[in-house]
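# Structural features, examined
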Amino acid sequence: MSNASVLVSEFVLHCAIEKDKMTFTIIALALIYLVTLFGNLMVIIVVIINPHLHNPMFFYIGTLAVIDMVNSTNVIPRMLAVLLFNATAVPYGPCLLQFSMVYYLSLAEGFLLSVMACDRYLAVVYPLRYPSIATNKMVWLSILLMNIYAIAILTPYLVFATELSFCRTNVLPYCFCDFVTMIHISCTEDPRHLTLLSSTTIVTGFGGLAVCILSYSRIIVAALRISSADGKRKAFSTMFTHLLVVFLFYMPLIISYMLPGFGVQLSAEAYNVLVIIAIMVPPMMNPIIYSFRNKEIKSSICRLCTGKRTNPVSQ
(Lines give C-alpha, C1' and ligand atoms only; values in the text may rest on other atoms or scores of the structure.)
Protein backbone atom coordinates (compact mmCIF):
# COMPACT_ATOMS: atom_id res chain seq x y z
CA MET A 1 0.00 0.00 0.00
CA SER A 2 1.19 3.51 -0.68
CA ASN A 3 -1.29 5.54 1.31
CA ALA A 4 0.62 7.12 4.20
CA SER A 5 -2.53 7.55 6.30
CA VAL A 6 -3.03 3.74 6.18
CA LEU A 7 0.57 2.82 6.90
CA VAL A 8 1.03 5.16 9.83
CA SER A 9 -1.54 6.71 12.16
CA GLU A 10 0.95 8.76 14.20
CA PHE A 11 4.53 9.95 14.31
CA VAL A 12 6.94 9.82 17.24
CA LEU A 13 9.11 12.91 17.77
CA HIS A 14 12.63 12.08 18.88
CA CYS A 15 13.94 15.39 20.22
CA ALA A 16 17.56 14.41 20.79
CA ILE A 17 18.85 16.70 23.54
CA GLU A 18 21.53 15.65 26.01
CA LYS A 19 20.30 15.22 29.58
CA ASP A 20 22.72 17.76 31.02
CA LYS A 21 21.33 20.37 28.58
CA MET A 22 17.67 19.48 29.09
CA THR A 23 16.92 21.94 31.91
CA PHE A 24 18.67 24.80 30.14
CA THR A 25 16.82 24.04 26.88
CA ILE A 26 13.42 23.98 28.59
CA ILE A 27 14.05 27.26 30.41
CA ALA A 28 15.40 28.91 27.25
CA LEU A 29 12.41 27.77 25.17
CA ALA A 30 9.93 28.96 27.81
CA LEU A 31 11.63 32.38 28.06
CA ILE A 32 11.81 32.77 24.27
CA TYR A 33 8.13 31.91 23.98
CA LEU A 34 7.05 34.29 26.75
CA VAL A 35 9.13 37.17 25.36
CA THR A 36 7.86 36.50 21.83
CA LEU A 37 4.25 36.26 22.98
CA PHE A 38 4.40 39.41 25.13
CA GLY A 39 6.28 41.53 22.59
CA ASN A 40 4.14 40.66 19.59
CA LEU A 41 0.88 40.83 21.54
CA MET A 42 1.75 44.35 22.74
CA VAL A 43 2.49 45.42 19.16
CA ILE A 44 -0.81 44.00 17.87
CA ILE A 45 -2.83 45.68 20.65
CA VAL A 46 -1.30 49.14 20.23
CA VAL A 47 -1.62 49.03 16.41
CA ILE A 48 -5.32 48.12 16.77
CA ILE A 49 -6.31 50.59 19.50
CA ASN A 50 -4.28 53.62 18.40
CA PRO A 51 -5.88 55.28 15.33
CA HIS A 52 -2.68 57.26 14.74
CA LEU A 53 -0.97 53.96 13.86
CA HIS A 54 -3.50 53.04 11.18
CA ASN A 55 -1.17 53.57 8.25
CA PRO A 56 0.69 51.20 5.88
CA MET A 57 3.93 50.85 7.84
CA PHE A 58 2.18 49.91 11.10
CA PHE A 59 -0.29 47.60 9.36
CA TYR A 60 2.71 45.66 8.05
CA ILE A 61 4.31 45.64 11.49
CA GLY A 62 1.07 44.39 13.03
CA THR A 63 0.74 41.65 10.40
CA LEU A 64 4.33 40.58 11.05
CA ALA A 65 3.57 40.39 14.78
CA VAL A 66 0.55 38.12 14.11
CA ILE A 67 2.64 35.78 11.93
CA ASP A 68 5.43 35.63 14.51
CA MET A 69 3.08 34.94 17.40
CA VAL A 70 1.23 32.16 15.55
CA ASN A 71 4.50 30.63 14.32
CA SER A 72 5.99 30.45 17.80
CA THR A 73 2.74 29.05 19.23
CA ASN A 74 2.70 26.40 16.51
CA VAL A 75 6.17 25.12 17.42
CA ILE A 76 7.37 25.93 20.96
CA PRO A 77 4.50 24.52 23.08
CA ARG A 78 4.80 21.16 21.27
CA MET A 79 8.56 21.12 21.88
CA LEU A 80 8.03 21.90 25.56
CA ALA A 81 5.44 19.11 25.80
CA VAL A 82 7.94 16.67 24.30
CA LEU A 83 10.74 17.72 26.66
CA LEU A 84 8.68 18.12 29.85
CA PHE A 85 6.08 15.37 29.59
CA ASN A 86 7.62 13.04 27.00
CA ALA A 87 4.53 13.65 24.81
CA THR A 88 6.33 12.38 21.72
CA ALA A 89 3.39 10.77 19.87
CA VAL A 90 1.67 13.07 17.36
CA PRO A 91 -1.31 11.86 15.26
CA TYR A 92 -0.79 11.93 11.50
CA GLY A 93 -3.29 14.77 10.84
CA PRO A 94 -1.99 17.22 13.48
CA CYS A 95 1.59 16.44 12.40
CA LEU A 96 0.72 17.31 8.82
CA LEU A 97 -1.02 20.47 10.04
CA GLN A 98 2.01 21.54 12.08
CA PHE A 99 4.51 21.22 9.25
CA SER A 100 2.02 22.95 6.91
CA MET A 101 1.76 25.90 9.32
CA VAL A 102 5.55 26.11 9.65
CA TYR A 103 5.97 26.29 5.87
CA TYR A 104 2.98 28.55 5.28
CA LEU A 105 4.03 31.07 7.95
CA SER A 106 7.67 31.00 6.80
CA LEU A 107 6.60 31.73 3.22
CA ALA A 108 4.23 34.48 4.37
CA GLU A 109 6.91 36.09 6.56
CA GLY A 110 9.48 35.99 3.76
CA PHE A 111 7.03 37.71 1.41
CA LEU A 112 6.10 40.27 4.08
CA LEU A 113 9.74 41.13 4.88
CA SER A 114 10.30 41.83 1.18
CA VAL A 115 7.18 44.03 1.02
CA MET A 116 8.27 45.90 4.15
CA ALA A 117 11.72 46.50 2.64
CA CYS A 118 10.08 47.88 -0.52
CA ASP A 119 7.78 50.02 1.62
CA ARG A 120 10.75 51.57 3.44
CA TYR A 121 12.52 52.07 0.11
CA LEU A 122 9.55 54.02 -1.28
CA ALA A 123 9.24 56.07 1.92
CA VAL A 124 12.92 57.07 1.95
CA VAL A 125 13.72 57.43 -1.76
CA TYR A 126 10.33 58.78 -2.97
CA PRO A 127 8.87 60.55 0.09
CA LEU A 128 6.59 62.84 -1.93
CA ARG A 129 5.05 60.03 -3.98
CA TYR A 130 4.89 57.59 -1.06
CA PRO A 131 1.42 58.61 0.29
CA SER A 132 -0.19 58.14 -3.14
CA ILE A 133 1.48 54.73 -3.69
CA ALA A 134 1.33 53.16 -0.21
CA THR A 135 -2.40 53.44 0.45
CA ASN A 136 -4.33 51.27 2.89
CA LYS A 137 -5.95 49.57 -0.12
CA MET A 138 -2.50 48.65 -1.43
CA VAL A 139 -1.53 47.27 1.99
CA TRP A 140 -4.52 44.93 2.19
CA LEU A 141 -3.98 43.88 -1.43
CA SER A 142 -0.36 42.97 -0.66
CA ILE A 143 -1.45 41.01 2.45
CA LEU A 144 -4.00 39.13 0.31
CA LEU A 145 -1.27 38.37 -2.26
CA MET A 146 0.99 37.21 0.58
CA ASN A 147 -1.58 34.57 1.58
CA ILE A 148 -2.22 33.48 -2.02
CA TYR A 149 1.53 33.19 -2.61
CA ALA A 150 2.08 31.10 0.54
CA ILE A 151 -0.88 28.77 -0.17
CA ALA A 152 0.14 28.28 -3.81
CA ILE A 153 3.68 27.21 -2.87
CA LEU A 154 2.53 25.10 0.08
CA THR A 155 -0.05 23.08 -1.88
CA PRO A 156 2.45 20.81 -3.74
CA TYR A 157 4.12 20.00 -0.39
CA LEU A 158 0.80 18.84 1.04
CA VAL A 159 0.10 16.71 -2.03
CA PHE A 160 3.56 15.11 -1.88
CA ALA A 161 3.32 14.58 1.90
CA THR A 162 0.14 12.52 1.45
CA GLU A 163 1.96 10.38 -1.14
CA LEU A 164 4.69 9.34 1.31
CA SER A 165 4.54 5.82 2.75
CA PHE A 166 6.19 4.92 6.07
CA CYS A 167 6.82 1.19 6.12
CA ARG A 168 10.15 1.24 8.03
CA THR A 169 9.66 3.66 10.91
CA ASN A 170 7.41 6.45 12.13
CA VAL A 171 10.06 8.12 14.31
CA LEU A 172 10.94 11.67 13.25
CA PRO A 173 14.43 12.60 14.51
CA TYR A 174 13.31 16.12 15.25
CA CYS A 175 11.51 18.23 17.85
CA PHE A 176 8.47 18.96 15.66
CA CYS A 177 6.91 17.69 12.43
CA ASP A 178 8.84 18.65 9.31
CA PHE A 179 8.62 17.77 5.60
CA VAL A 180 12.34 17.05 5.13
CA THR A 181 12.47 14.55 8.00
CA MET A 182 9.28 12.89 6.72
CA ILE A 183 10.99 12.32 3.36
CA HIS A 184 14.10 10.89 5.01
CA ILE A 185 12.20 8.25 7.00
CA SER A 186 9.72 7.35 4.24
CA CYS A 187 9.91 4.36 1.90
CA THR A 188 8.87 6.49 -1.07
CA GLU A 189 11.83 7.25 -3.32
CA ASP A 190 10.72 10.00 -5.64
CA PRO A 191 13.23 12.71 -6.66
CA ARG A 192 10.32 15.14 -7.18
CA HIS A 193 10.02 15.63 -3.42
CA LEU A 194 13.52 16.96 -2.79
CA THR A 195 13.60 18.73 -6.16
CA LEU A 196 10.50 20.67 -5.14
CA LEU A 197 12.16 21.58 -1.85
CA SER A 198 15.41 22.87 -3.38
CA SER A 199 13.75 24.69 -6.29
CA THR A 200 11.16 26.52 -4.19
CA THR A 201 13.82 27.40 -1.62
CA ILE A 202 16.06 28.89 -4.31
CA VAL A 203 13.24 30.91 -5.87
CA THR A 204 11.53 32.10 -2.67
CA GLY A 205 14.62 32.28 -0.44
CA PHE A 206 17.15 33.93 -2.74
CA GLY A 207 14.40 35.93 -4.47
CA GLY A 208 13.11 37.41 -1.21
CA LEU A 209 16.61 37.99 0.12
CA ALA A 210 17.61 39.76 -3.11
CA VAL A 211 14.59 42.10 -2.90
CA CYS A 212 15.45 42.99 0.71
CA ILE A 213 19.15 43.58 -0.02
CA LEU A 214 18.41 45.66 -3.12
CA SER A 215 15.84 47.81 -1.29
CA TYR A 216 18.07 48.42 1.72
CA SER A 217 21.07 49.11 -0.53
CA ARG A 218 19.12 51.89 -2.22
CA ILE A 219 18.12 53.20 1.20
CA ILE A 220 21.79 53.22 2.28
CA VAL A 221 22.70 55.19 -0.86
CA ALA A 222 19.97 57.71 0.03
CA ALA A 223 21.20 57.83 3.63
CA LEU A 224 24.72 58.72 2.47
CA ARG A 225 23.29 61.92 1.00
CA ILE A 226 22.01 63.04 4.39
CA SER A 227 24.13 65.95 5.56
CA SER A 228 23.48 65.40 9.26
CA ALA A 229 25.88 62.97 10.95
CA ASP A 230 23.19 62.04 13.47
CA GLY A 231 20.74 61.35 10.64
CA LYS A 232 23.25 59.08 8.92
CA ARG A 233 23.93 57.21 12.16
CA LYS A 234 20.22 56.59 12.77
CA ALA A 235 19.65 55.49 9.17
CA PHE A 236 22.56 53.04 9.19
CA SER A 237 21.60 51.72 12.64
CA THR A 238 18.06 51.02 11.41
CA MET A 239 19.26 49.37 8.20
CA PHE A 240 21.77 47.18 10.04
CA THR A 241 19.20 45.87 12.51
CA HIS A 242 16.63 45.22 9.77
CA LEU A 243 19.16 43.36 7.65
CA LEU A 244 20.23 41.33 10.69
CA VAL A 245 16.66 40.06 11.12
CA VAL A 246 16.38 39.35 7.39
CA PHE A 247 19.61 37.30 7.36
CA LEU A 248 18.69 35.46 10.57
CA PHE A 249 15.41 34.48 8.94
CA TYR A 250 16.55 33.65 5.41
CA MET A 251 20.02 32.11 5.69
CA PRO A 252 19.28 29.18 8.07
CA LEU A 253 16.16 28.26 6.07
CA ILE A 254 17.98 28.48 2.74
CA ILE A 255 20.82 26.26 3.99
CA SER A 256 18.62 23.70 5.76
CA TYR A 257 16.01 23.36 2.98
CA MET A 258 18.23 23.72 -0.11
CA LEU A 259 21.09 21.35 0.74
CA PRO A 260 18.85 18.24 1.20
CA GLY A 261 17.42 18.93 -2.24
CA PHE A 262 20.91 18.59 -3.68
CA GLY A 263 21.55 15.34 -1.83
CA VAL A 264 23.55 16.86 1.04
CA GLN A 265 22.26 15.34 4.26
CA LEU A 266 22.80 17.52 7.32
CA SER A 267 23.15 15.95 10.74
CA ALA A 268 19.99 15.99 12.86
CA GLU A 269 21.67 18.38 15.30
CA ALA A 270 22.80 20.81 12.59
CA TYR A 271 19.39 20.75 10.91
CA ASN A 272 17.62 21.29 14.23
CA VAL A 273 19.80 24.27 15.10
CA LEU A 274 19.37 25.96 11.70
CA VAL A 275 15.59 25.64 11.53
CA ILE A 276 15.09 26.54 15.20
CA ILE A 277 17.18 29.71 14.75
CA ALA A 278 15.06 30.72 11.74
CA ILE A 279 11.74 29.93 13.41
CA MET A 280 12.35 31.15 16.98
CA VAL A 281 14.89 33.98 16.93
CA PRO A 282 13.30 36.42 14.41
CA PRO A 283 9.81 36.33 16.07
CA MET A 284 11.46 37.25 19.38
CA MET A 285 13.61 40.01 17.84
CA ASN A 286 11.10 41.52 15.38
CA PRO A 287 9.09 43.49 18.01
CA ILE A 288 12.36 44.99 19.28
CA ILE A 289 13.79 45.76 15.85
CA TYR A 290 10.67 46.92 14.02
CA SER A 291 8.47 48.20 16.84
CA PHE A 292 9.99 49.08 20.21
CA ARG A 293 12.60 51.31 18.55
CA ASN A 294 9.75 53.26 16.94
CA LYS A 295 8.68 56.38 18.89
CA GLU A 296 4.98 56.09 18.04
CA ILE A 297 4.70 52.46 19.15
CA LYS A 298 6.91 53.02 22.18
CA SER A 299 4.78 55.93 23.40
CA SER A 300 1.57 53.95 22.71
CA ILE A 301 2.85 51.03 24.80
CA CYS A 302 3.81 53.40 27.63
CA ARG A 303 0.31 54.93 27.59
CA LEU A 304 -1.24 51.47 27.52
CA CYS A 305 0.84 50.28 30.49
CA THR A 306 0.36 53.44 32.55
CA GLY A 307 -3.33 53.86 31.69
CA LYS A 308 -2.85 57.36 30.30
CA ARG A 309 -5.14 58.44 27.47
CA THR A 310 -3.93 60.04 24.26
CA ASN A 311 -4.33 63.79 24.21
CA PRO A 312 -5.86 64.60 20.82
CA VAL A 313 -4.57 68.18 20.99
CA SER A 314 -0.97 67.04 21.42
CA GLN A 315 -1.36 64.58 18.56
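Residues numbered from 1 in each chain as written. Predicted model: local features only at pLDDT ≥ 70, side-chain atom pairs only at ≥ 80, totals over all residues. Heavy atoms only, no water.

## Considerations on the state of the cysteines
If you walk through the whole model with that rule in mind, you get two disulfides. One disulfide in the model links C167 with C187; its S-S distance is 1.9 Å. Looking down the S-S bond of the C167 and C187 bridge, the torsion is -130°, so its handedness is left-handed. Taken together, the residues span a long stretch of sequence, with C167 in the loop between α6 (136–163) and β3 (171–172) and C187 in the loop between α7 (179–185) and α8 (191–224) at a distance of 20 residues. Of the cysteine sulfurs around C302, a residue in no disulfide, the closest is that of C305, at 6.9 Å. (Disulfide = S-S within 2.5 Å. Helix = DSSP H or I, 4+ residues; strand = E, 2+ residues; numbered from the N terminus.)

## Some details on the nonpolar core
Among the nonpolar cores identified, the biggest contains 92 residues, and Y103 and Y290 are the most heavily contacted of them. No other element matches the 16 residues that helix α4 (residues 92–125) contributes to this core. Look past the residues within four positions of Y103 in its chain and what remains in contact with it is L154, Y157, D178, F179, V180, L197 and Y257. (Core = buried A, V, L, I, M, F, W, Y, C linked by side-chain atoms within 4.5 Å. Buried < 20%, exposed > 50% of the residue type's maximum accessible area, 1.4 Å probe, protein only. Contact = heavy atoms within 4.5 Å.)

## Concerning the pattern of salt bridges
As enumerated under the stated definition, the model contains three salt bridges in all. Residue R120 pairs with D119 through a salt bridge whose shortest N-O separation is 2.8 Å. By relative accessible area, D119 is classed as buried at 6%. The salt bridge involving E163 is made with R192; its shortest N-O contact spans 2.9 Å. Here E163, found in helix α6, pairs with R192, found in helix α8; they are 29 residues apart in sequence, far enough to count as distant. Judged by relative accessible area, E163 falls into the partly exposed class, the value being 31%. Accessibility expressed as a relative area gives 39% for R192, which makes it partly exposed. Look at the salt bridges and you will find they share partners, linking E163, D190 and R192 into a network. (Salt bridge = Lys/Arg side-chain N within 4 Å of Asp/Glu carboxyl O.)

## Describing the packing of aromatic side chains
On inspection of all chains with the given rule, the structure shows 12 aromatic pairs. Relative to W140, the ring of F59 lies with its centre 5.2 Å away and its plane at 45°, an arrangement referred to as tilted. Within this pair, whereas F59 is found in helix α3 (residues 56–85), its partner W140 is found in helix α6, the two being separated by 81 residues in sequence. Classification of F59 as buried rests on a relative accessible area of 15%. (Phe/Tyr/Trp six-rings, centres within 6.5 Å; stacked < 30°, edge-to-face > 60°.)

## Quick notes on unusual backbone geometry
One can expect most non-glycine residues to show negative phi and most peptide bonds to be in trans. Look at N86: it is not a glycine, yet its phi comes out positive at around 55°. Structurally, the position occupied by N86 is in the loop between α3 and β2 (89–91). Residue N86 is classed as exposed on the basis of its relative accessible area, which comes to 59%.

## Some points on the packing of α4 against α8
The interhelical angle for the contact between α4 and α8, taken along N-to-C directions, is 20°, at an axis separation of 9 Å. As judged from the angle between their axes, α4 and α8 are roughly parallel. Considering only the axes of α4 and α8, their crossing is left-handed. Within the contact between the two elements, α4 uses Y103, L107, L113, S114, A117, C118, R120, Y121, V124 and V125 and α8 uses L197, T204, G208, V211, C212, S215, Y216, R218, I219 and A222. Split by residue class, the contact of α4 with α8 holds 14 nonpolar, four polar and two charged. (Axes fitted to C-alpha atoms, helices over the stretch in contact; angles between N-to-C directions. Parallel < 35°, antiparallel > 145°, perpendicular 65-115°, else oblique. Left-handed = near helix turned anticlockwise from the far one by under 90°. Nonpolar A, V, L, I, M, F, W, Y, C, P; charged D, E, K, R; others polar.)

## Observations regarding a nonpolar patch on the surface
Together, L41, I45, I48, I49 and L304 make up an exposed nonpolar region whose accessible area comes to about 430 Å². In terms of residues, the nonpolar patch owes the most to one element, helix α2 (residues 19–49), which gives four residues. Secondary-structure assignment places L304 in helix α11 (residues 295–306). (Patch = residues over 30% accessible without salt bridge, like charges linked within 9 Å, V, L, I, M, F, W, Y side chains within 5 Å. Areas by Shrake-Rupley, 256 points an atom, 1.4 Å probe, with all protein chains shown as cover.)

## Focus on the UniProt feature "transmembrane region" (unreviewed entry) in the protein
Under the feature "transmembrane region" (unreviewed entry), the UniProt entry names residues 26–51, 140–160, 202–224, 236–259 and 271–290. The distance separating the terminal C-alpha atoms of residues 26–51 is 39 Å; by composition the span is 92% helix and 0% strand. Across residues 236–259, the secondary structure splits into 100% helix and 0% strand, with the terminal C-alpha atoms separated by 33 Å. (UniProt positions renumbered as here; feature names shortened; annotations may be inferred.)

## So, the sheet that holds strand β1 (residues 10–13)
Spatially, the three strands line up as an open sheet ordered β2-β1-β3, and their pairing is mixed. Among the strands making up the open sheet, the edge pair consists of β2 and β3. As paired strands, β1 and β3 are joined by two bridges and run parallel to one another. Among the inter-strand pairings, V12 is bridged to a residue of β3, identified as V171. (Pairing = 2+ DSSP bridges.)

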